[in-house]
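# Coordinate inspection notes
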Protein chains: 2
Amino acid sequence: MAKAKQKEQPVILVTNDDGVTAPGIRNLVEAVKDLGKIVVVAPDKPQSGMGHAITIGQPLRLTSVQYFEGVEAYQCTGTPVDCVKLAVDKVLHRKPDLCISGINHGANHSINVIYSGTMSAAVEAAIESIPSIGFSLLDHSIEANFDGARKYARIIVQQMLKKKVDKHTVLNVNIPAVDESLIKGIRICRQAYAKYEEDFVERNDPNGRKYYWLTGEFVNFDKGRDTDVWALENNYVSLVPVQFDLTNYVLKDKLQKMWKF
Amino acid sequence: MAKAKQKEQPVILVTNDDGVTAPGIRNLVEAVKDLGKIVVVAPDKPQSGMGHAITIGQPLRLTSVQYFEGVEAYQCTGTPVDCVKLAVDKVLHRKPDLCISGINHGANHSINVIYSGTMSAAVEAAIESIPSIGFSLLDHSIEANFDGARKYARIIVQQMLKKKVDKHTVLNVNIPAVDESLIKGIRICRQAYAKYEEDFVERNDPNGRKYYWLTGEFVNFDKGRDTDVWALENNYVSLVPVQFDLTNYVLKDKLQKMWKF
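Nothing here was measured: the structure is a model prediction, and the numbers come from that model.

### Looking at the overall build of chain A
Helix and strand counts for chain A come out as 8 helices and 11 strands. In terms of overall dimensions, chain A is globule-like: its C-alpha atoms have a radius of gyration of 19 Å, near the 18 Å expected for 261 residues. Overall size of chain A, expressed as C-alpha extent along the three principal axes, is 60 × 55 × 50 Å. Within the span of chain A, comprising 261 residues, buried residues form 59% of the whole. Across chain A, contacts joining residues at least 24 apart in sequence account for 77% of those joining residues at least 6 apart.

### A closer look at the environment of Arg187 of chain A
Residue and element names in this part refer to chain A. Here Arg187 is to be found in strand β8 (residues 186-188). C-alpha of Arg187 to C-alpha of Arg94: the two residues are 93 residues apart in sequence and 33 Å apart in space. Sequence-distant contacts of Arg187, that is, excluding residues within four places in its chain, are made with Arg225, Trp230, Ala231, Tyr236, Val237, Ser238 and Leu239.

### Topic: the packing of aromatic side chains
Enumeration according to the criterion identifies 10 aromatic pairs over all chains in this entry. Taking 6.1 Å as the distance between ring centres and 40° as the angle between the ring planes, the aromatic pair formed by Phe244 of chain A and Tyr193 of chain B counts as tilted. With Phe244 of chain A in the loop between β11 (237-242) and α8 (249-258) and Tyr193 of chain B in the loop between β8 (186-188) and β9 (194-204), this pair bridges two chains. Exposure remark for Phe244 of chain A: the relative accessible area of 10% places this residue in the buried category. Stacked on the ring of Tyr236 of chain A, the Lys or Arg Arg187 of chain A has its end atom at 4.9 Å from the ring centre.

### Structural notes on the sheet that holds strand β6 (residues 132-137) of chain A
All names here are of chain A. In spatial order, the strands read β3-β4-β2-β1-β5-β6-β7-β11-β8; together these 9 strands make up an open sheet with mixed pairing. Each having just a single partner strand, β3 (62-65) and β8 make up the two edges of the open sheet. Within the sheet, the average angular offset between the axes of one strand and its neighbour, ignoring direction, is 25°. Bridge count between β8 and β11: 3 bridges; the pairing is parallel. By the bridge assignment for β11, Arg187 is matched with Ser238. Sitting on the sheet, helix α2 (residues 23-32) touches β1 (11-15), β2 (37-43), β5 (98-105) and β6, and the angle it makes with β5 is about 135°.

### Digging into the pairing of strand β3 (residues 62-65) of chain B
Both faces of the sheet carry side chains from a regular strand, because those side chains alternate between them. As judged from the 4 bridges shared by β3 of chain B and strand β4 (residues 72-76) of chain B, these two strands associate in the antiparallel manner. What sits directly across from Thr63 of chain B, in β4 of chain B, is Gln75 of chain B.

### Here's the deal with empty space enclosed by the protein
If you roll a probe as big as a water molecule over the atoms, it shows you where there is empty space left. Counted by the stated rule, this structure contains 1 cavity of 30 Å³ or more. A volume near 240 Å³ is recorded for the largest cavity. Every residue lining the largest cavity is counted, 18 residues in all, and those nearest its centre are His52, Ile114 and Leu246 of chain A together with Ile114 and Leu246 of chain B. Those elements that provide at least two residues to the lining of the largest cavity are α4 (112-115) and α5 (117-127) of chain A together with α4 (112-115) and α5 (117-127) of chain B. Take the lining of the largest cavity: its biggest share by element is 3 residues, from α5 of chain A. For the lining of the largest cavity, the residue count by class is 12 nonpolar, 6 polar and no charged.

### Let's talk about the UniProt feature "domain: Survival protein SurE-like phosphatase/nucleotidase" (unreviewed entry) in chain A
Under the feature "domain: Survival protein SurE-like phosphatase/nucleotidase" (unreviewed entry), the UniProt entry names residues 12-197 of chain A. Helix makes up 29% of residues 12-197 of chain A and strand 25%, whereas the separation of the span's terminal C-alpha atoms amounts to 37 Å.

### Observations concerning the pattern of salt bridges
By the definition in use, this model includes 28 salt bridges over all chains. Between Lys195 of chain A and Glu197 of chain A there is a salt bridge, and its shortest N-O distance comes to 2.7 Å. On the basis of relative accessibility, which here comes to 5%, the residue Lys195 of chain A falls in the buried class. Exposure remark for Glu197 of chain A: the relative accessible area of 33% places this residue in the partly exposed category. Connected through salt bridges with shared partners, the residues Lys90 of chain A together with Glu202 and Lys210 of chain B form a single ionic network.

### With respect to the interface of chain A and chain B
Note on interface size: it is often stated as the accessible area lost on association of the parts. Counting residues at the interface gives 75 residues for chain A and 75 residues for chain B. Of the roughly 7,000 Å² buried between chain A and chain B on both sides combined, carbon and sulfur atoms contribute 65%. In terms of surface lost to chain B, no three residues of chain A exceed Leu246, Trp259 and Phe261 of chain A, which account for 11% of the buried area on that side. Counting the contacts that link chain A with chain B gives 4 salt bridges.

Here is what the cut-offs are and how they apply
- Residues numbered from 1 in each chain as written.
- Chains lettered and ligands numbered in written order.
- Predicted model: local features only at pLDDT ≥ 70, side-chain atom pairs only at ≥ 80, totals over all residues.
- Heavy atoms only, no water.
- Helix = DSSP H or I, 4+ residues; strand = E, 2+ residues; numbered from the N terminus.
- Rg over C-alpha atoms; globule rule 2.2 N^0.38 Å.
- Buried < 20%, exposed > 50% of the residue type's maximum accessible area, 1.4 Å probe, protein only.
- Contact = heavy atoms within 4.5 Å.
- Phe/Tyr/Trp six-rings, centres within 6.5 Å; stacked < 30°, edge-to-face > 60°.
- Lys NZ or Arg CZ within 6 Å of the ring centre and 35° of its normal.
- Pairing = 2+ DSSP bridges.
- Axes fitted to C-alpha atoms, helices over the stretch in contact; angles between N-to-C directions.
- 1 Å grid on protein atoms, 1.4 Å probe; cavity = no way out; pocket = protein on both sides within 12 Å on 5 of 7 lines; lining within 4 Å.
- Points joined across faces, edges and corners; volume = space filled by probe spheres on them.
- Nonpolar A, V, L, I, M, F, W, Y, C, P; charged D, E, K, R; others polar.
- UniProt positions renumbered as here; feature names shortened; annotations may be inferred.
- Salt bridge = Lys/Arg side-chain N within 4 Å of Asp/Glu carboxyl O.
- Buried area = accessible area lost by both parts, 1.4 Å probe.

Structure representation (structure tokens):
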């Protein structure tokens, strides 16, 4: 009986892009620890902004760590996407039932989904036929309060485990940085067209050579009330289903009619 | 008169992910040199598989180089996406009329679009309202024959400059590695669901510590005849219009009806 029960436990792979020691991933593990067999494979250092990068020219290392009480965990020298690939092939030796990534320290709404290591790990899982969710809290601080994020991460993971979802499902979940009591619920949204307007700060090093720091101001070009940015501004948790077929079908049909070579 | 003519010249930003000294980018510049004012800003080293990574924790350097006869060119220490950002803000001080990326040494069809630095540079341009095209030749070799790729890159760039296209247009163009005379033309396609099935090679270093090399076998799960993989297998140039709104709208509508929290 006990054995049968154990067998039914879903395997949940946990990763992130802030690194295995970040408070965000610890909070995510705590939030879902009793919902399945948890295995952590996460980067050994911060990998924010790594997008869907993979490591081609270098080998990877994988080291067992004891950062999570009672949970099997590894740190990996690669990117978040490398972590997912390596976890499936060399740690789990099977596809987990669910992959969750985060909780990211900082927003991954709107166009950020493309730059985000957190979301790229989730997308990688879905490419490999593993349903997945990326979680991000709109607070960069190392001391951020994850109470609300933990609560909603748990609710959404339970939903994913309960419902029969397509194996390529990816959800991008962002949580507003307000007190848990102020969060109005979960909104299923589309990705806003909102982005950072880049500006590089130009400086000179001590040898007089120029260098540039990326910086920028976040601008929302999208006035829709069905977007993730709108939901978050109105104290909702935003949930955007994401896809990895990047084909622009509308434009494809148009070009097929209009372009003759 | 001469001045007016010069003013009409479109500005074309050229980048890649194989690095500024790769034969592929030299061939791309040669193919389109007379179609506008060309400016090259490309990575100073290979950046394959970097996806949409950006450099956050480090500053960037930009150095003028003389690799392309009569063409303003710079190498950048960052990723392909960094190159586009920096080119717009610090080199051109304006949005170019077109951004082209490549010619990549190796395929970027199917799911590769997500891992590809070449394609991520093109996608970054489109996010920034610059129409763009990524070009890839299905030959990894440094000594690949770019004749066919050059010919079709030129045809497609001319088409993009002639037609009024949406400023967020991104095209993913792959060229089969066959003699130019065997190429049957250009097919407008969708992205195939085809991917590398990963397998890590496990080795021990001289100190007995394990390390892993990413490897894998390419598998096409998609039997459609409207895909980029089909087109390339049948000696067509594949052209897939790409989008950066990753919302899965079908699933969004479904979840809005089915999921109650």
